[in-house]
Amino acid sequence: MKSTSGPLFTARPITLGVSALIGSLMLSACGGGADSIPQPLIEARTKGVLQVDGATFRDLNGNGKLDPYEDWRVPVAQRVEDLVGRMTLEEKAGMMMIDTLNPDAGGVVSPTAIDYVKTQKMTRFIFRSTVTANPVNAAGGGGFGGAQVTPTEAAQFMNAMQEMAEGTRLGIPALFKSNARNHYDRAARAGVNEPAGSFSEWPKEPGLAATRDMDLIKDFSQTVGAEFKAIGLRGLYGYMADLSTEPRWFRIHETFSEDADLNAQIVTTLVKNLQGGPLSPSSNVAMTMKHFPGGGPQEGGGDPHYAFGKNQVYPAGRLGDHIKPFKAAIDAGVAAIMPYYGVPINLTYEGVTYDQIGMSFSKQIVTDLLRGKLGFTGYVNSDTGIINDRAWGIEDKTIPERMAIAITAGTDVMSGYHTNVTITDLVKAGKIAETRINESARRLLTEQFKLGLFEDPYVDASKAAGIVGNDTFRAKAALAQRKSIVLLQNQNNTLPLATPSATKPVKLYTMGMNAAVVGDKQYGYTVVTGDYDASKGQTRPAVPADTDYAVIRVEVTNVLPKDYVPKAGEFNLQFGGALPEELNSLSFTTMAAARSWKISPSLKDIQAVMNTVGAKKTVLNVYFRQPFVLDDASGLKQAGGILAGFGVSDAALMDVLTGKFKPQGKMPFALANNLDAVINNDPDAPGYAAKDTLFPFGFGLSY
C-alpha cells in the first residue's frame, strides 16, 4: 500500500514505493541465532519491503534481497559491521557531523535539508523550532531558532526528512536531537534551551531537584520521552549533569544542584526512565549527557561559549565530585556524552596532568578518562561550534587541523559542522586513518539500530497534537511546579496569606504577576497591580492605603547595553549572561547598578513598595536563575515572606501563597549572605562557610 502522507520537500517529486505497517507477531527467527524474536513494526515509504520466511523487512538499499543490515533478526553489532562495510568514505564522514536543521514555516523542508542529506551525507540534525499550537513567524523564516510549527507540522517535517533519508543509497535513517524544552522559562534561548510551547511545562532543572522526589522525576522523564517521540524527536541534548558550584555561571538554571550525590541520583532516574535504560527499540529518546567532565567550575563565572569564559579551574581539587553524576549516567546506560568547550587549567587528577585544550580536543579527557577509566562505550558528541568558533586552546590551528585533533582525541560527531570534504580530505591525505572513521561510524550507527529506526523511523503525525502537552501531562507538570517552590523565610507567619471573606476582604498589591490569576475568584482577593511600562511614559500605580499585602514576583535577566560593542570571541553574548566585567555583580544591589543586569520589577520599585506597605507585609518570590545574593543593602531580607522559585506559573505560586498547597521544596544550592563569599568561593566546591551562608543546601520551610 502507499503512504497516506506525501513528502514535503519539493526539490523533485519522489515516487513512493510500497509501504507496509506490520503489527507485532511472534515469528521463528531464521538465521538470527535466536529462538524467537517479535516481528517489529515495519514502515517503508520510498523503498520496497521484503517478505522472507514469513517475516517483513525494509529493502533499504533497493537491491531486492535481504542483506544483514536490513535483517532485524541479526544482532546489532553484526548489522552495524555489515553496513559500515557497504558505506563509502563520504557516507561515513557524513555520520560524523550534526548541525541545526529546522523546518520552514508550515513544517516545510528547506533546501538546506536537501544539501545536508544528499550532498553532505548527514544523518543527524538539531531541531530548535518552537512547537506551539499557534505559530507566529516573521517573514524569511526563523533563523537559528527556526520557524515556529505546530506539533502536527513538526511530525510531518520529521517524517518528510525520514522519507528523504530512506531514499538515499543505503536508506540510513535520520536522527533529530533537541535541547531541553519541557520547562517553564520565560527567557529561553535557542542554542541553550527551547521554549516549551505546546509541551508540558515543568519547573526548571533546579526546581526538579528541589522536589527531592524521584517518582516525580520518573514521571517527568516518561512524559518528556512520550512528547519528544510523538513529533519524531528521538534524541535529547540533555540533561546537564554539571554541578552548580560556581554561582556566577549563568547556566546554573540548567543544572540540577550543587550536590554530586543528588545529581547522580537524578541522572540515573532520567536515563532509566527517559531513555529506558540501555538503548533498545522501546526507548523513546536517546540521551546525550553533558558537559563532561563537568561544566560547573568556570573561572570567574564566565561561560566557554565565549572566549572570556573558556577556563575551567579546580582549586579545591574536587574534579571527582563533578565526574560522579557522569559515572552514574554511564552505569545506567546513557547513549552519548558531550564534553564542554572549556579548557582545564592547572588540573592534575589521579596522577594525570591535563593538557590545556578544549575538552573535545583532549585525548586525555575523551579516550583515557571517559572511555578508559569510566568505561563509557557509547559515542562522544562535541558541543556546537568547536571546529569553527570555539576551538579553545588550539585557536591557532586551521579548520582541518582542529578536525583532525578532535577525531584523534576520540570525538565521534562534530556539532555545528556540515562540510563533509573536511573529513574526507584528512583521510585521503593520510592525516586520519579510515579505520578511525569506521570506529565512529560503528558507534553512531549502533544508536540508530538500537532505537529501531532502521525498521520504522516514522511517527503518526495525526496523533502528535493529542500527545504533546495533553491534559494528563500538564497536570503532572503543574503539580511538580508546586512541589518545587521553596519557602525561605516566613517572619511572624506572614504566610499563608489571610483568607478573605465577605465581611473582611483582603487586598493585595502585586508586581510581576498576572492580575487575572491573582484575582481569580477561587482566591477571592481584591487586587491592584503595580506593573507599568516606563518606555511608554507610564509611572507605577500608587499603593492603596488599605493594602494588606504586597506580593512581588522578582526575576533577573541579562541585557545588552545600547552602546555594547562585542569583542572577539564574545559572539554578541547571544547565548546569555552578563558582560565579563559584570560577572561579579550577583547581589541585588550590584545588579541594580550594572549595565547588563535587569531586575524586574526594579529594585527601586521593590524597595518603595516595601517601604509603603511595610516590609513584614511584603512577600517576595525570587526566581533564582542563579544563586543571587540577598545582600543587606538591598533590604530584601527584611521581607515577611521569601520564596524561591525555579520556573513556576503564577497559578502554582498562588496555590502555595494561599496555603492551598503547602510548600515542601528544598534548596538545590546554598545562598550566600554576602557577595564576597561568592567571589572568593572555589568554583569547583559547593556551598560556603557557615558564617557566609544565608540559606544552606537542603533548606526549606513549610506551614
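As the structure is a computational prediction, the values presented were derived from the model and not from experiment.

Criteria and thresholds
Residues numbered from 1 in each chain as written. Predicted model: local features only at pLDDT ≥ 70, side-chain atom pairs only at ≥ 80, totals over all residues. Heavy atoms only, no water. Helix = DSSP H or I, 4+ residues; strand = E, 2+ residues; numbered from the N terminus. Rg over C-alpha atoms; globule rule 2.2 N^0.38 Å. Buried < 20%, exposed > 50% of the residue type's maximum accessible area, 1.4 Å probe, protein only. Contact = heavy atoms within 4.5 Å. Areas by Shrake-Rupley, 256 points an atom, 1.4 Å probe, with all protein chains shown as cover. Lys, Arg positive; Asp, Glu negative; His and termini not counted. Charge placed at Lys NZ, Arg CZ, Asp CG, Glu CD. Axes fitted to C-alpha atoms, helices over the stretch in contact; angles between N-to-C directions. Left-handed = near helix turned anticlockwise from the far one by under 90°. Nonpolar A, V, L, I, M, F, W, Y, C, P; charged D, E, K, R; others polar. Phe/Tyr/Trp six-rings, centres within 6.5 Å; stacked < 30°, edge-to-face > 60°. Lys NZ or Arg CZ within 6 Å of the ring centre and 35° of its normal. Expected span 1.5 Å × (residues − 1). Bend = angle between axes of the 7 residues up to and from the residue. 1 Å grid on protein atoms, 1.4 Å probe; cavity = no way out; pocket = protein on both sides within 12 Å on 5 of 7 lines; lining within 4 Å. Points joined across faces, edges and corners; volume = space filled by probe spheres on them. Parallel < 35°, antiparallel > 145°, perpendicular 65-115°, else oblique. Polar contact = N/O pair within 3.5 Å; in protein donor to acceptor, adjacent residues only side chain to side chain.

1. Here we look at the overall build of the protein
- For the protein, the count of helices and strands is 19 helices and 25 strands.
- Taking 703 residues into account, the globule formula puts the C-alpha radius of gyration at 27 Å, and the protein, at 26 Å, falls close to it.
- Principal axes of the C-alpha set define a box for the protein whose edges measure 85 × 60 × 50 Å.
- Here the protein holds 703 residues, and 61% of them are scored as buried.
- Across the protein, contacts joining residues at least 24 apart in sequence account for 72% of those joining residues at least 6 apart.
- Total accessible area computed for the protein in this model is approximately 24,900 Å², and 51% of it derives from carbon and sulfur atoms.
- One finds the centroid of the 68 positive side-chain charges in the protein at a distance of 2 Å from the centroid of its 71 negative side-chain charges.

2. Overview of the packing of helix α6 (residues 214-230) against helix α14 (residues 471-484)
- Direction vectors running N to C along α6 and α14 enclose 140 degrees, while the axes themselves pass 11 Å from each other. Crossing handedness for the pair α6 and α14: left-handed. For the pair formed by α6 and α14, the contact residues are L216, D219, T223, A226 and E227 on the first element and F473, K476, A480 and K483 on the second.
- Grouping the constituent residues of the contact of α6 with α14 by class yields 4 nonpolar, 1 polar and 4 charged.

3. Re the packing of aromatic side chains
- This model, assessed by the stated rule, comprises 19 aromatic pairs.
- Look at Y69 and F454: their rings are 6.4 Å apart centre to centre, the planes differ by 90 degrees, and that puts the pair in the edge-to-face class. Of this pair, Y69 sits in the loop between β4 (55-58) and α1 (76-86) while F454 sits in the loop between α12 (434-450) and α13 (461-467), and the two are 385 residues apart along the sequence. Accessibility classification places Y69 together with F454 in one group, the buried group.
- Centre to centre, the rings of F292 and F326 are 5.4 Å apart; their planes meet at 90 degrees, and the pair counts as edge-to-face. With F292 in strand β9 (residues 286-292) and F326 in helix α8 (residues 319-332), this residue pair connects regions lying 34 residues apart in the sequence. Assigned by exposure class, F292 and F326 land together as buried.
- Sitting over the face of the ring of Y341, R390 holds its NZ or CZ atom 5.4 Å from the ring centroid.

4. Side note on α8
- The terminal C-alpha atoms of α8, which comprises 14 residues, lie 21 Å apart, in line with the 20 Å expected from a rise of 1.5 Å per residue.
- The largest bend in α8 amounts to roughly 25 degrees and is located at P325.
- What α8 keeps buried is the set L319, H322, I323, P325, F326, A328, A329, I330 and A332.
- Tucked inside the fold, the buried residues of α8 contact α7 (260-275), β9, β11 (336-339), β13 (348-349) and α9 (363-373).
- At the exit of α8 stands G333, carrying a positive phi of roughly 105 degrees.

5. Some remarks on empty space enclosed by the protein
- The tally for this structure, following the rule as stated, stands at 5 cavities of 30 Å³ or more.
- Of the voids in this model, the largest cavity is the one considered here, and its volume is about 80 Å³.
- Lining the largest cavity we find I126, R128, N179, G191, Y237, R251, K290, H291, H305, M338, D383 and T384.
- A breakdown of the residues in the lining of the largest cavity according to their chemical character gives 3 nonpolar, 5 polar and 4 charged.

6. A word on the packing of α1 against α12
- Following both chains from N to C, one finds α1 and α12 inclined at 130 degrees, their axes separated by 9 Å at the closest point. Considering their axes alone, α1 and α12 lie oblique with respect to each other. Where α1 crosses over α12, the handedness of that crossing is right-handed. Where α1 approaches α12, its residues V76, R79, V80, E81, L83 and V84 are matched on the opposing element by N438, A441, R442, L445, T446, F449 and K450.
- Per-class residue counts for the contact of α1 with α12 are 7 nonpolar, 2 polar and 4 charged.

7. Notes on α12
- Under the 1.5 Å per step criterion, the end-to-end length of α12 is 24 Å for 17 residues, consistent within 8% with the ideal 24 Å.
- Buried within α12 we find R436, I437, N438, S440, A441, R443, L444, L445, E447, Q448 and F449.
- Backbone geometry just downstream of α12 places G452 in the positive-phi region, at approximately 80 degrees.

8. Topic: the side chain of H305
- Mapping H305 onto the fold places it in the loop between β9 and β10 (311-313).
- What makes H305 buried here is its relative accessible area of 1%.
- Within the local environment of H305, its side chain forms a polar contact with the side chain of D303, the two groups lying 2.6 Å apart.
- Sequence-distant contacts of H305, defined by excluding residues within four places in its chain, comprise G191, R251, Y340, Y341, R390, W392, G569, F571 and F575.

9. Focus: unusual backbone geometry
- A cis amide bond links K290 to the next residue, H291, at an omega of 5 degrees.
- Its place among the elements puts H291 in strand β9.
- Put simply, L495 and P496 share a cis peptide bond, and its omega is 0 degrees.
- The topology assignment puts P496 in the loop between β17 (486-490) and β18 (507-511).
- Phi is positive for N492, close to 55 degrees, though the residue is something other than glycine.
- Mapped onto the elements, N492 comes out in the loop between β17 and β18.
- We classify N492 as exposed; its relative accessible area is 69%.
- Look at L573: it is not a glycine, yet its phi comes out positive at around 50 degrees.
- For L573, a relative accessible area of 3% corresponds to the buried category.

10. Some words on the side chain of R79
- Following the sequence through the fold, R79 ends up in helix α1.
- Separated by 2.9 Å, the side chain of R79 and the backbone oxygen of Y69 make a polar contact.
- Setting aside residues no more than four positions away along its own chain, R79 makes contact with P68, Y69, E70, D71, W72, V74, F449, F454 and E455.

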